Amino acid sequence: MKQKFYITTPIYYPSGKWHLGTCYTTVVCDALARFKRMQGFDVFYLTGTDEHGQKIEKVAKAAAMPTKEYVDMQVNSLIKIWDLLNISYDKFIRTTDKYHEDAVKKIFQKLFDKGDIYKSEYEGWYCTPCEAFWTKTQLKDGKCPDCGREVELTKESSYFFRLSKYQDRLIELIESNPEFLQPKSRQNEMLNNFLKAGLQDLAVSRTSFKWGIEVPFDSEHIIYVWIDALSNYITALGFMSEDDSLFRKFWPADVHMMGKEIIRFHSIIWPALLMALDVPLPKKVYGHGWLLFGSDKISKSKGNIIDPVILSERYKVDAVRYYLLREVPFGQDGAFTNYTFLSRINSDLCNSLGNLLSRSTAMVEQYFGGVLPQRSEDGEFDGQLIELVNGLFEKVRDNMDKLLVPEALAEIWQVVSRANKYIDETLPWVLSKDAAKRDRLGTVLYNLIETLRIVGTALMPFLPDTAQKILSDIGIKEAPTFEDSMTFGKLKGGETITKAQPLFQRMDINKELAEMDKLAEQLAATKESGKGAEQTKVAAEQEPKDIKPEIAYDDFAKMELRTGEVLSCEKIKRSEKLLKLTVDVAGEKRTIVSGIAKSFSPEEMVGKQVVVVCKLKPAKLCGELSQGMILCTEDEQGNIVLVNAEKKVGTGSVVS
Ligand code: MSP
């Protein structure tokens with residue numbers, strides 16, 4: 001029978017603020033899940049969304065949308081990103097799914113019946129962005145110790161979970177089972193900062209808002225979002241439902257993977273809940289580091305492009321996957337810059353891997369008409385290469401078993417480098433000139449293609465598209481199974497080899513950096529000019545432009561809209577989107593920078609009537625001071641259309 005492997009990401013807040021850092025946990029879990037599948041494990045990879053709680057309720061309100069509609073929209077966008085990044089999850093759970101809500105109610109009821117949940121008064125500090133309660137002593141300078149933001153003093157009647165009852169068992173769990181919480185540094189953090197400092201019972205219900213799962217026996221109360229969210233790992237498997245066969249098959253989880261900021265919830269609250277429910281504990285909770293921009297967890301960026309969709313479309317999905325899997329030392333933080341991203345593509349994906357594939361396949365085509373020769377005459381250097389290739393599977397597996405993903409990739413690149421060196425050592429182009437060396441030439445090329453087969457196979461969990469392309473270029477149509485096929489010598493000879501197209505586009509890094517800067521500026525300008533924060537197609541769907549909170553008439557009356565006439569117009573050199581207009585508004589000449597260049601030439605703008613937003617604070621766009629905005633909309637094809645008065649009126653006419 002196949003061995004099972006259950007791996008989970010945290011469930012994501014449907015906030016719409018997806019960036020490269022947000023994708024990290026999911027891409028890493030995907031590589032691990034794919035690797036295990038290839039090893040023949042019966043894998044269940046779970047991800048999903050954490051949709052309840054005050055934070056989401058507030059964001060939806062700010063977007064003037066019914067909360068459910070808002071989360072539906074965000075969840076759709078997130079799923080599109082996962083599809084784009086080739087995430088091979090087996091199930092996507094939403095905490096608004098009925099089966100989950102029903103099971104969470106049953107869980108709460110069971111804990112209450114058992115006496116592990118009781119009713120009392122809560123007074124303490126609540127951090128809404130983290131959805132976390134804190135005691136006064138836990139605050140750092142009066143702020144949330146996790147995120148440093150303001151906390152609110154909360155006093156309400158609440159149900160409590162007897163977390164303190166499990167303190168000793170939790171200490172024992174972490175101390176006697178070092179595999180449970182990894183990496184090791186997180187163990188000390190949890191033991192010293194929380195467990196040994198003394199656990200207090202946890203408030204597990206709220207009455208101040210409604211967006212959540214009701215306490216089954218007290219409709220005034222909503223179940224605390226972390227109890228709701230953590231339960232997803234078992235409700236997704238049918239725990240406390242009519243059909244719990246998946247739960248019986250896959251639980252306990254083999255790995256719960258997450259960023260380090262939410263380790264506390266997973267290594268203290270979650271095991272305590274499971275202990276209270278008499279459910280076995282997960283085998284491992286792993287807290288990875290953050291992808292940083294500057295010294296902060298990426299949340300906003302200025303110069304760096306951190307949008308996974310833009311990066312994937314411009315450089316290929318596997319360049320993004322490779323960067324995430326390779327660049328961040330697992331368990332520690334890693335810093336993203338445009339430079340490190342482009343350098344990885346150029347050096348590892350183009351120069352090393354791409355070169356090996358194109359050189360090797362081109363030589364088979366040139367010297368053997370695209371038909372792989374057999375191995376017939378071994379020579380110097382072969383042994384070293386073959387030994388390294390034959391040891392690859394074991395090294396990759398050992399690293400993956402320890403969740404050392406960058407190290408696993410580094411082993412594959414060792415082989416790639418060795419094979420490139422092998423070409424330089426064996427000099428096939430010299431062998432090709434000597435008819436007596438034809439067998440040796442054939443063997444050298446066989447060895448290279450066989451190495452590529454094994455490298456391509458090893459890459460399948462990490463870079464699925466690239467691996468597929470390598471294998472198909474060397475004539476392998478069926479996805480190979482793993483371990484067995486990573487033994488050197490399986491190709492028979494006679495396979496059709498196609499001269500490979502480049503795997504990735506090599507770039508002039510300085511030029512490309514300049515392009516990226518330009519792009520970042522345009523994105524920032526689009527945001528500043530009020531044309532919506534959409535950086536990508538996906539984001540555009542997440543953030544409909546029309547949905548804004550209501551404002552009072554007085555606020556609207558603060559706006560001054562007037563007609564104007566465009567006197568002159570020119571392109572802004574460093575931008576593809578922006579035009580600089582000089583507009584006459586009632587005799588006053590204003591410079592306005594507007595993102596309309598994709599639909600209007602400077603020439604056709606001259607003489608046009610436009611509606612100008614007059615009282616906007618001047619803002620610099622691409623180095624030019626813009627004194628206002630002109631009103632535009634977009635047609636169905638995405639062309640920009642000017643918003644205007646029905647007929648020509650005098651410049652400076654008030655629009656109201
Ligand atoms: N909803 C909670 C988890 C509940 S699990 C029962 C949550 N969601 S989240 O959307 O904020 O985060 C999802 C994952 O993205 C977490 O693992 C988080 O650590 C990860 N990341 C978000 N930004 C990140 C970086 N900049 N770098 C690496 N991972 C980061 O927390």
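What you see is a predicted model, and the numbers here were worked out from it, not measured in a lab. (Residues numbered from 1 in each chain as written. Predicted model: local features only at pLDDT ≥ 70, side-chain atom pairs only at ≥ 80, totals over all residues. Heavy atoms only, no water.)

On to the domain arrangement of the chain. When cut into domains, the chain gives domain 1 (347-528) and domain 2 (556-642). When each unit is reduced to the centre of its C-alpha atoms, the spacing between domain 1 and domain 2 is 52 Å. Every contact between the two is made by six residues of domain 1 and, on the other side, nine residues of domain 2. Interface area for domain 1 against domain 2, summed over the two sides, is near 640 Å², with a carbon-plus-sulfur share of 48%. (Domains from an automatic or database assignment. Contact = heavy atoms within 4.5 Å. Buried area = accessible area lost by both parts, 1.4 Å probe.)

With that settled, the discussion passes to the site of the ligand. Looking at the ligand, there are 25 residues lining it, with I11, D50, G259, E261 and L291 nearest. At 2.8 Å from a nitrogen atom of the ligand is found a main-chain nitrogen or oxygen belonging to I11. E261 places a polar side-chain atom, nitrogen or oxygen, 2.8 Å from an oxygen atom of the ligand. Contact with the protein chains removes 95% of the 670 Å² of surface that the ligand exposes when unbound. Listed by contribution, the elements that provide at least two residues to the shell around the ligand are α1 (20-38), α7 (225-230) and β12 (255-259). Here the shell around the ligand gets four residues from one element, more than from any other, and that element is α1. A class-by-class count of the residues in the shell around the ligand yields 14 nonpolar, eight polar and three charged. (Near = heavy atom within 4 Å. Polar contact = N/O pair within 3.5 Å; in protein donor to acceptor, adjacent residues only side chain to side chain. Areas by Shrake-Rupley, 256 points an atom, 1.4 Å probe, with all protein chains shown as cover. Helix = DSSP H or I, 4+ residues; strand = E, 2+ residues; numbered from the N terminus. Nonpolar A, V, L, I, M, F, W, Y, C, P; charged D, E, K, R; others polar.)

A separate point is unusual backbone geometry. One can expect most non-glycine residues to show negative phi and most peptide bonds to be in trans. Cis geometry is adopted by the peptide bond preceding P183, which originates at Q182 and carries an omega value of -10°. Topologically, P183 is positioned in the loop between β7 (181-182) and α6 (184-195). At the junction of W251 and P252, the peptide bond is cis and its omega measures out at 5° in the coordinates. As for its position among the elements, P252 is in the loop between α9 (245-250) and β12. In this structure, N86 is a non-glycine residue whose phi angle is positive, near 60°. Among the structural elements, N86 can be located in the loop between α3 (67-84) and β3 (91-94). Within the chain, D278 stands out as a residue other than glycine whose phi angle is a positive 60°.

Another aspect to go through is the sheet that holds strand β10 (residues 214-215). Here three strands make up an open sheet; going across it, the order is β9-β11-β10 and the pairing antiparallel. On the outer flanks of this sheet lie β9 (205-206) and β10, each paired with one strand and no other. (Pairing = 2+ DSSP bridges.)

An α-helical segment advances 3.6 residues per turn. Residues three or four places apart therefore align on the same side. The complete set of buried residues in helix α2 (residues 54-62) reads Q54, K55, I56 and A60. For α2, the elements touching its buried residues are α3, β4 (117-127) and β9. At the C-terminal side of α2, A64 shows a positive phi close to 55°. (Buried < 20%, exposed > 50% of the residue type's maximum accessible area, 1.4 Å probe, protein only.)

Take the packing of helix α13 (residues 338-368) against helix α16 (residues 405-426) next. Look at α13 against α16: their axes get within 10 Å of each other, and the N-to-C directions meet at 45°. Here α16 runs oblique to α13, going by the angle between their axes. Once α13 is placed against α16, the crossing between them reads as left-handed. Touching D348, L349, N351, S352, L353, N355, L356, R359, S360 and M363 of α13 are W413, V416, A419, N420, I423 and D424, all from α16. Its residues assigned to classes, the contact of α13 with α16 comprises eight nonpolar, five polar and three charged. (Axes fitted to C-alpha atoms, helices over the stretch in contact; angles between N-to-C directions. Parallel < 35°, antiparallel > 145°, perpendicular 65-115°, else oblique. Left-handed = near helix turned anticlockwise from the far one by under 90°.)

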